[in-house]
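Okay, here's what each chain looks like letter by letter:
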Protein chains: 2
Amino acid sequence: MLVNASPDLRQQIAETPALHPRAGTLRNSPIAAVLLTGAEVDTIMGLLHLRERQAFGLFGTAQTLAVLDENPIFRALNPEFVTRRAVATDIAFEVLGITVTAYALPGKVPLFAEAGEDPGVTEDGATIGIAVSAGGKTLHYIPGCAMMTPALRQRLAGAACVMFDGTLFTDDEMIRMGAGPKTGRRMGHMPMTGAGSTLEAFAEIPVGRRIFIHINNTNPALLADSPERAQLSAAGWEVAEDGMEIDL
Amino acid sequence: MLVNASPDLRQQIAETPALHPRAGTLRNSPIAAVLLTGAEVDTIMGLLHLRERQAFGLFGTAQTLAVLDENPIFRALNPEFVTRRAVATDIAFEVLGITVTAYALPGKVPLFAEAGEDPGVTEDGATIGIAVSAGGKTLHYIPGCAMMTPALRQRLAGAACVMFDGTLFTDDEMIRMGAGPKTGRRMGHMPMTGAGSTLEAFAEIPVGRRIFIHINNTNPALLADSPERAQLSAAGWEVAEDGMEIDL
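Just so it is clear, the structure is predicted and the values come from calculations on it, not from any experiment.

Cut-offs applied
- Residues numbered from 1 in each chain as written.
- Chains lettered and ligands numbered in written order.
- Predicted model: local features only at pLDDT ≥ 70, side-chain atom pairs only at ≥ 80, totals over all residues.
- Heavy atoms only, no water.
- Helix = DSSP H or I, 4+ residues; strand = E, 2+ residues; numbered from the N terminus.
- Contact = heavy atoms within 4.5 Å.
- Areas by Shrake-Rupley, 256 points an atom, 1.4 Å probe, with all protein chains shown as cover.
- Phe/Tyr/Trp six-rings, centres within 6.5 Å; stacked < 30°, edge-to-face > 60°.
- Buried < 20%, exposed > 50% of the residue type's maximum accessible area, 1.4 Å probe, protein only.
- Pairing = 2+ DSSP bridges.
- Axes fitted to C-alpha atoms, helices over the stretch in contact; angles between N-to-C directions.
- Salt bridge = Lys/Arg side-chain N within 4 Å of Asp/Glu carboxyl O.
- Disulfide = S-S within 2.5 Å.
- Buried area = accessible area lost by both parts, 1.4 Å probe.
- Nonpolar A, V, L, I, M, F, W, Y, C, P; charged D, E, K, R; others polar.
- Right-handed = clockwise from strand over helix to strand, strands pointing away.
- Polar contact = N/O pair within 3.5 Å; in protein donor to acceptor, adjacent residues only side chain to side chain.
- Least-squares fit on C-alpha atoms with pLDDT ≥ 70 in both.

## Some thoughts on the overall build of chain A
And then number 1: What chain A contains, in helices and strands, is seven helices and 12 strands.
And then number 2: Within chain A, contacts between residues separated by at least 24 positions form 61% of all contacts whose residues are at least 6 apart in sequence.
And then number 3: Approximately 11,600 Å² of chain A is accessible, and the part contributed by carbon and sulfur atoms is 54%.

Structural data, given as structure tokens:
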């Protein structure tokens, strides 16, 4: 995600070597920092695809880093190159000249860590949102959120941009389509539409741009010409796509 | 890997529902069985990309399954759908009408399981080759092998096809290219060429077809028009490619 808040910041990013492929080495990537928003499989397994000997900072809450510790396969991220940094919620820190604040969200433990019964929703740092601020503007990145709360509503009000959990269009769509036995809420995701939905919640939150991310392949709004996509557009929502650049 | 030993077997495979996308369900894959040849990251992480609720048999030695057990993230393969089956070496078993025999190879523990020093080469079942037999012919699949041994030479002699570890062209190529500090042997792979190499070893082993697999992106023989590829061809070796079908 490349955030361009202003021409000045754009220039600053252009001059930051860490954000571009590194010259002079045969194998390299421009990735200088990774901030994990949780420890679900789809959030952490991409780490195993990164270059073995590429230095970067790996940020996550204590709960998330503990899951990596419990899985020796992540030792593939050699500590000689990858520094794990525990992030406290609600305390701003700087990464590459950008101010970042992590905050706890209503969510659930990773599916693979569930022990039998429905673990229910927690808000203890297992799932986080992040506020990214630069050039006087703030973008929120929230790929998983089980429900809207008064505290979250207050936090998001006035943001230049919110990228939000768009897993399912309707809470029961996976069950109806025969794709799985669970509702979105059981998986820790509030639905785009219906009672207690994202569209409903954001109708009362003033935000510059609203962009859905983390969209499941059962979600009909993935199709650009669907009536469901039109419904999102009418409510002021965009749907993210690969390679998207966001100017705020 | 689809092995067609004869028109009869081809017909049998065509009629085996497990080898084709499954009709009548929204989400499915034709994968009915997975046999792990070890527990290195590049061997096991693909499991995390498989469909969550797709039934298949997961075969591996006790050492390999123990690594999965030690990494809770692999609980993403729900035991309700994925049955783990411990494979003993040198005892043939049947999978989908094909006879399979696993055997220990000289190899090493996964990189992420190394504790500081060079763990050296072991031959205890952490790395295996597999013999796949049907229609009276046998194919060997050996993606990692640290050295040729008299026992392996004897086992492979007379095979219809051997698919063999082609990680590096020369033992020190990663060091020379600045891509990493290790030799192929330090990583548990014998080189294609040079002293103690695969070309040298197979010069004395009668085999129907010889196909290199598991080729590192530093290996110049990956390029079809390279002199190194010509050297392999002259020695009777092919290089595997995506979508390859093998008729024996």
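## A few points about the packing of aromatic side chains
Two descriptors summarise a pair of aromatic rings, namely the distance from one centre to the other and the angle between the planes of the rings.
And then number 1: Taken as a whole and assessed by the stated rule, the structure comprises eight aromatic pairs over all chains.
And then number 2: Ring centres 5.5 Å apart and planes at 20° place the aromatic pair Phe59(A) and Phe93(A) in the stacked group. With Phe59(A) in strand E3 (residues 56–60) and Phe93(A) in strand E5 (residues 93–95), this residue pair connects regions lying 34 residues apart in the sequence. As far as the burial class goes, Phe59(A) and Phe93(A) line up, both buried.
And then number 3: Ring centres 5.1 Å apart and planes at 70° place the aromatic pair Phe164(B) and Phe202(B) in the edge-to-face group. On the criterion of sequence distance, the pair formed by Phe164(B) in strand E9 (residues 161–165) and Phe202(B) in helix H6 (residues 198–202) is long-range, its members being 38 residues apart.
And then number 4: On the accessibility criterion, Phe202(B) (0% relative accessible area) is buried.
And then number 5: Ring pairing ties together the aromatic residues Phe164(A), Phe202(A), Phe212(A) and Trp237(A), which thus form one cluster.

## With respect to the sheet that holds strand E9 (residues 161–165) of chain A
Residue and element names in this part refer to chain A.
And then number 1: Judged by pairing direction, the sheet is mixed, and its seven strands sit side by side in the order E5-E6-E7-E8-E9-E10-E11 without closing on themselves. Edge strands, defined here as strands with exactly one partner in the open sheet, are E5 and strand E11 (237–239). This sheet shows a mean twist of 25° between the axes of neighbouring strands, independent of strand direction.
And then number 2: Sheet analysis places strand E10 (residues 209–213) next to E11, joined by three bridges and oriented parallel. Following the sheet pairing, Ile211 is matched in E11 by Glu238.

## Comments concerning the pattern of salt bridges
All names here are of chain A.
And then number 1: Summed over the entire model, instances satisfying the criterion amount to 18 salt bridges over all chains.
And then number 2: Put simply, Lys108 and Glu40 hold a salt bridge, and the shortest N to O gap is 4.0 Å. Of this pair, Lys108 sits in the loop between strand E6 (98–104) and strand E7 (128–134) while Glu40 sits in the loop between strand E2 (33–35) and helix H2 (41–44), and the two are 68 residues apart along the sequence.
And then number 3: With a relative accessible area of 25%, Glu40 lands in the partly exposed category.
And then number 4: Asp118 is the partner of Arg186 in a salt bridge, and the nearest nitrogen-oxygen pair spans 3.6 Å. On the criterion of sequence distance, the pair formed by Arg186 in the loop between helix H5 (173–176) and helix H6 (198–202) and Asp118 in the loop between E6 and E7 is long-range, its members being 68 residues apart.
And then number 5: For Arg186, a relative accessible area of 17% corresponds to the buried category.

## Things to note about the state of the cysteines
Residue and element names in this part refer to chain B.
And then number 1: Under the counting rule described, the total for this entry stands at zero disulfides over all chains.
And then number 2: You can see Cys145 has no disulfide; the closest cysteine sulfur is in Cys161, sitting 16 Å from it.
And then number 3: Among the residues examined, Cys145 registers a relative accessible area of 0% and is labelled buried.

## Describing the interface of chain B and chain A
And then number 1: At the interface, 27 residues of chain B touch 27 residues of chain A.
And then number 2: Both faces considered, chain B and chain A share a buried interface measuring about 2,300 Å² in area, 64% of it formed by carbon and sulfur atoms.
And then number 3: Three residues stand out in chain B for area buried against chain A, namely Arg27(B), Ile73(B) and Phe112(B), and they jointly supply 27% of the buried area on that side.
And then number 4: Along the contact surface separating chain B from chain A lie zero salt bridges.
And then number 5: Elements supplying a minimum of two residues to the side of chain B that touches chain A: helix H2 (41–44) and helix H5 (173–177) of chain B.
And then number 6: Partitioned by chemical class, the residues of the side of chain B that touches chain A number 16 nonpolar, six polar and five charged.

## Description of the pairing of strand E4 (residues 82–86) of chain A
Residues and elements named next belong to chain A.
And then number 1: Here five bridges tie E3 to E4, and the two strands are oriented parallel to one another. Bridge pairing in E4 places Phe59 opposite Arg85.
And then number 2: Handedness of the crossover joining E3 and E4 through helix H3 (residues 62–70) is recorded here as right-handed.

## Here's the deal with the side chain of Asn216(A)
Residue and element names in this part refer to chain A.
And then number 1: Structurally, Asn216 is set in the loop between E10 and helix H7 (227–234).
And then number 2: Its relative accessible area of 18% is what places Asn216 among the buried residues.
And then number 3: Within the local environment of Asn216, its side chain forms a polar contact with the side chain of Thr218, the two groups lying 2.7 Å apart.

## Looking at the sheet that holds E4(A)
Residues and elements named next belong to chain A.
And then number 1: Read across the open sheet, the three strands follow the order E2-E3-E4; overall the sheet is parallel. The open sheet has two free edges, formed respectively by E2 and E4, since each of these has just one partner strand. Taken pair by pair, the neighbouring strands of this sheet meet at an average axis angle of 20°, ignoring direction.
And then number 2: Bridge count between E2 and E3: three bridges; the pairing is parallel. Across the sheet, Val34 pairs through a bridge with Leu58, a residue of E3.

## What about the relation of the copies chain B and chain A?
And then number 1: Expressed as a screw transformation, the operator carrying chain B onto chain A has a rotation angle of 180° and an axial translation of 0.0 Å, and the superposed copies differ by an RMSD of 0.0 Å. When the rotation and shift are considered jointly, the pair of chain copies conforms to a two-fold rotation axis. When C-alpha positions in chain B are compared against the rotation axis, the closest is assigned to Asn71(B), at 2.2 Å.

## Quick notes on the side chain of Thr61(B)
Residues and elements named next belong to chain B.
And then number 1: Inspection of the secondary structure puts Thr61 in the loop between strand E3 (56–60) and helix H3 (62–70).
And then number 2: For Thr61, a relative accessible area of 2% puts it in the buried group.
And then number 3: Sequence-distant contacts of Thr61, defined by excluding residues within four places in its chain, comprise Val87, Thr89, Gly125 and Ile128.

## Topic: the environment of Gly116(B)
And then number 1: If you trace the backbone, Gly116(B) turns up in the loop between strand E6 (98–104) and strand E7 (128–134).
And then number 2: The class for Gly116(B) is exposed, based on a relative accessible area of 71%.

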